[in-house]
Every structure is written in C-alpha cells, then in structure tokens.
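This is what each chain is made of:
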Amino acid sequence: MSGLLRVGVLLSGGGTNLQAILDAAGAEYEVVVVVSDRADAFGLERARRAGVPAVHVDPRAHDGRGAFNEALADVLRERHVELVCLAGFMRILAPNFVKAFENRILNIHPALLPAFPGAHAVGDALEWGAKVTGATVHLVDEEVDHGPILLQRAVPVESGDDEETLHERIKATEHELYPEAIRLFAAGRVKIEGRRATIF
Ligand code: GRF
C-alpha cells in the first residue's frame, strides 16, 4: 500500500464533489472506491473515468436497511477504506454502518449547520430570507446532519438568487472545502472530543 489515506466515497448523484475530491487526490490521500445506491448516478461514471472502482449496491437486493448498510460497509472494508466521504449520498446511514466507521465518516452539507439541516437546505435558506448561508463538512453520527463540525465556510445569498444559482455558488465553495477537510484528516490533524472536532 502507498501510505496515502484510503478514501471511499458514497454518492447518489452527479458527483461534482467527488470530482473535486478526485482532482485534489494524490499527495495526501487516494480514492480507492466509489459506491452508489443508484446504478445511473453520474458520479459512478466520473469514478470509472478516473480509473477508480465504481460499485453499485442496490438497496432492493438486500433485506432491509441494516443488511443494505452491511453490504455497503463490506465493499469499503474489502478495499481497506480508512475514511468514508458522503458526497450527495441521499440515504440515512444505519447505526451498524456508523459504528463500523465511527469518527471516520465525513459529510458535506450545503448550509451552515445547525441552520437548515435536511434535504432542502438551499431552498430553505432562500425561503427563510437568509443573507448568508454556506457549506459545512462534519463528522457523521447516527442523527442526520448532526455530528461534530470540522470545517465551515460562508457563502452570500445574492438578491435575485434562485435555488439553482445559490446552489452553484455553494458548490464552488464545497469543492474547495471537502478536499481541504480530507487533507486535514490524512495529516492526522483532526481530534474529536464529544461534539468538538479540533484541528491542530
Ligand atoms: C452537495 O450540495 C452536497 O452538499 C449535498 O449534496 C450535493 C451533492 O452534489 N450533500 P454533487 O453530486 O457533489 O454535485
């Protein structure tokens, strides 16, 4: 093995964050597998183009959420994944998965948590009339969008924004923030105590 941190990415969609993670890989970490719950996720195609194994794990082929999560964990274990990155993975991980990779799962969320958790964060910020929103990289625990915050960056809401323009602006920030968080992890510079993730 190369000594680089072995990263596995879970996604359900287009994978622009995956692309940013792939583009920044090499010096500190490597992406060793990309897994999707959807066979048609374009993120899988991005992985293949980058020469990274792309695996579809079909939730319907498993008997319940626990079994599906065990299958996901098996794919990652087979490849000796040390850090799991959720990048637009649209399912809530089951407790058995979270325990298997405790404090080794990151997620990126398109808002400044704890503001606007959930699947509609960008629209919710707009509707609320927020002037500033942003992106958060956090550790994943058993509650949705809840674990210790690792990095956050603010993004302004411009007058005239719709969900699409605002999400694009947030994504541009996400694409810098996520690789940065993975590099910190790879460098062993993240310490987690209770709710606090400290960078040293
Ligand atoms: C991102 O906005 C991320 O914050 C959210 O899902 C979106 C994924 O986008 N969790 P992409 O598939 O990486 O383009």
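Residues numbered from 1 in each chain as written. Predicted model: local features only at pLDDT ≥ 70, side-chain atom pairs only at ≥ 80, totals over all residues. Heavy atoms only, no water.

### Comments concerning the overall build of the protein chain
We apply this condition: Each helix is a run of H or I in the DSSP string that is no shorter than four residues. Each strand is a run of E no shorter than two, and both are numbered from the N terminus. All radius of gyration figures rest on C-alpha atoms, and the globule criterion is 2.2 Å times the number of residues raised to 0.38. Partly exposed describes any residue whose relative accessible area lies between the buried limit of under 20% and the exposed limit of over 50%, with all areas from a 1.4 Å probe on protein chains only and scaled to the type maximum. Working definition of accessibility: Shrake-Rupley area with a 1.4 Å probe, residue cover restricted to the visible protein chains. A residue counts as positive if it is Lys or Arg and as negative if it is Asp or Glu; His and the chain ends are not included. In this description, the location of a charge corresponds to atom NZ of lysine, CZ of arginine, CG of aspartate or CD of glutamate.
When its secondary structure is counted, the protein chain shows six helices and nine strands. On C-alpha atoms alone, the protein chain measures out to a radius of gyration of 16 Å, which is about the 16 Å that the 2.2 N^0.38 rule sets for 200 residues. Taken along the three principal axes of its C-alpha coordinates, the protein chain extends 50 × 40 × 35 Å. Within the protein chain, the fraction of its 200 residues that count as buried is 46%. Surface summary for the protein chain: the accessible area is close to 9,700 Å², and the carbon and sulfur share equals 50%. Within the protein chain, one finds 21 positive and 29 negative side-chain charges whose respective centroids are separated by 3 Å.

### Remarks on the nonpolar core
Side chains of a nonpolar character, in soluble globular proteins, are inclined to be buried together. Put simply, the rule reads: For this analysis, a nonpolar core means a set of buried residues of the types Ala, Val, Leu, Ile, Met, Phe, Trp, Tyr and Cys, connected via side-chain atoms within 4.5 Å. For every domain, the bounds stem from an assignment made automatically or drawn from a database.
Counting residues in hydrophobic clusters, the biggest one holds 37 residues, and the most contacted among them are Val9, Val34, Leu106, Val137, Leu150, Tyr178 and Ile182. Element by element, the count of residues in this core is highest for helix 6 (residues 163-186), at eight residues. Shared between two domains, this core takes at least three residues from each, and those domains are domain 1 (1-101) and domain 2 (107-200). Formed by 22 residues, the second largest nonpolar core is a distinct cluster that contains Leu10, Val33, Phe101 and Ile105.

### A word on the site of the ligand
What counts here: Any residue with a heavy atom positioned within 4 Å of a molecule or strand is treated as near that molecule or strand. In protein, a polar contact means a hydrogen-donor-capable atom and an acceptor-capable atom, both N or O and within 3.5 Å, with residues adjacent in sequence counting only if both atoms are side-chain atoms; elsewhere, any N or O pair within 3.5 Å suffices. Amino acids are sorted into nonpolar (Ala, Val, Leu, Ile, Met, Phe, Trp, Tyr, Cys and Pro), charged (Asp, Glu, Lys and Arg) and polar (every other residue, Gly among them).
In the vicinity of the ligand, the contacting residues are Gly14, Gly15, Thr16, Asn17, Gly88, Ile108, His109, Pro110, His167, Lys171 and Glu174. Ile108 is positioned such that a nitrogen or oxygen atom in its backbone is 2.9 Å from a nitrogen atom of the ligand. Take Pro110: an N or O atom from its main chain is 3.4 Å from an oxygen atom of the ligand. In the complex, 87% of the free accessible area of the ligand, which totals 370 Å², lies under the protein chains. The dominant element in the shell around the ligand, judged by the number of residues it contributes, is helix 6, at three residues. Of the residues that constitute the shell around the ligand, the class distribution is two nonpolar, seven polar and two charged.

### What about unusual backbone geometry?
That bond from Leu113 to Pro114 is cis: its omega, 10°, falls within 30 degrees of zero. With respect to the helices and strands, the residue Pro114 is situated in the loop between strand 5 (105-109) and helix 5 (121-128). If you check the backbone angles, Asp145 has positive phi at about 50° while not being a glycine. Inspection of the secondary structure assignment puts Asp145 in the loop between strand 6 (132-139) and strand 7 (149-156).

### Section: the domain arrangement of the protein chain
As a reminder of what qualifies: Contact criterion: two residues are considered in contact whenever any of their non-hydrogen atoms come within 4.5 Å of each other. Once two parts are joined, some of their accessible surface, as seen by a 1.4 Å probe, is lost; buried area is that loss totalled over both. Every case where a carboxyl oxygen of Asp or Glu lies within 4 Å of a side-chain nitrogen of Lys or Arg is listed as a salt bridge.
When cut into domains, the protein chain gives domain 1 (1-101) and domain 2 (107-200). If you look at the interface, domain 1 gives 19 residues, while domain 2 gives 16 residues. Approximately 1,500 Å² of surface area, both sides summed, lies buried where domain 1 meets domain 2, with 71% of it carried by carbon and sulfur atoms. The largest per-residue losses of area from domain 1 upon contact with domain 2 belong to Asn17, Leu86 and Val98, which jointly make up 29% of the total buried on that side. Where domain 1 meets domain 2, there are two salt bridges. A salt bridge links Glu28 to Arg183, with the shortest nitrogen-to-oxygen separation between them at 3.7 Å.

### A look at a negative patch on the surface
Which entries qualify depends on this criterion: Only residues above 30% relative accessible area that lack a salt bridge enter a patch, with like-charged residues linked at up to 9 Å and the nonpolar side chains Val, Leu, Ile, Met, Phe, Trp and Tyr linked at up to 5 Å.
A cluster of acidic side chains, namely Asp124, Glu127, Asp162, Glu163, Glu164 and Glu168, defines a negative patch on the protein surface. Among the elements of the structure, helix 5 and helix 6 are those that each provide at least two residues to the negative patch. Of all the elements, helix 6 adds the most residues to the negative patch, at three residues. Its place among the elements puts Glu163 in helix 6. Residue Glu163 is classed as partly exposed on the basis of its relative accessible area of 46%.

### Thoughts on the packing of helix 1 (residues 16-23) against helix 6
Cut-off, in case you're wondering: Between the N-to-C directions of two axes lies an angle of 0 to 180 degrees, each axis being a line fitted to C-alpha atoms and, for a helix, fitted only over the stretch in contact. Each angle receives one of four descriptions, namely roughly parallel if under 35 degrees, roughly antiparallel if over 145, roughly perpendicular if within 65 to 115, and oblique otherwise. Helix crossings are classified by the rotation of the near helix relative to the far one: an anticlockwise turn of less than a right angle makes the crossing left-handed, while a clockwise turn makes it right-handed.
Close contact between helix 1 and helix 6 brings their axes to 9 Å; oriented N to C, the two are set at 45°. In terms of their interaxial angle, helix 1 and helix 6 are classed as oblique. Here the hand of the crossing between helix 1 and helix 6 comes out right-handed. Along the contact surface, helix 1 presents Thr16, Asn17, Ala20 and Ile21, while helix 6 presents Lys171, Glu174, His175, Tyr178, Pro179 and Ile182. Class assignment for the residues of the contact of helix 1 with helix 6 results in five nonpolar, three polar and two charged.

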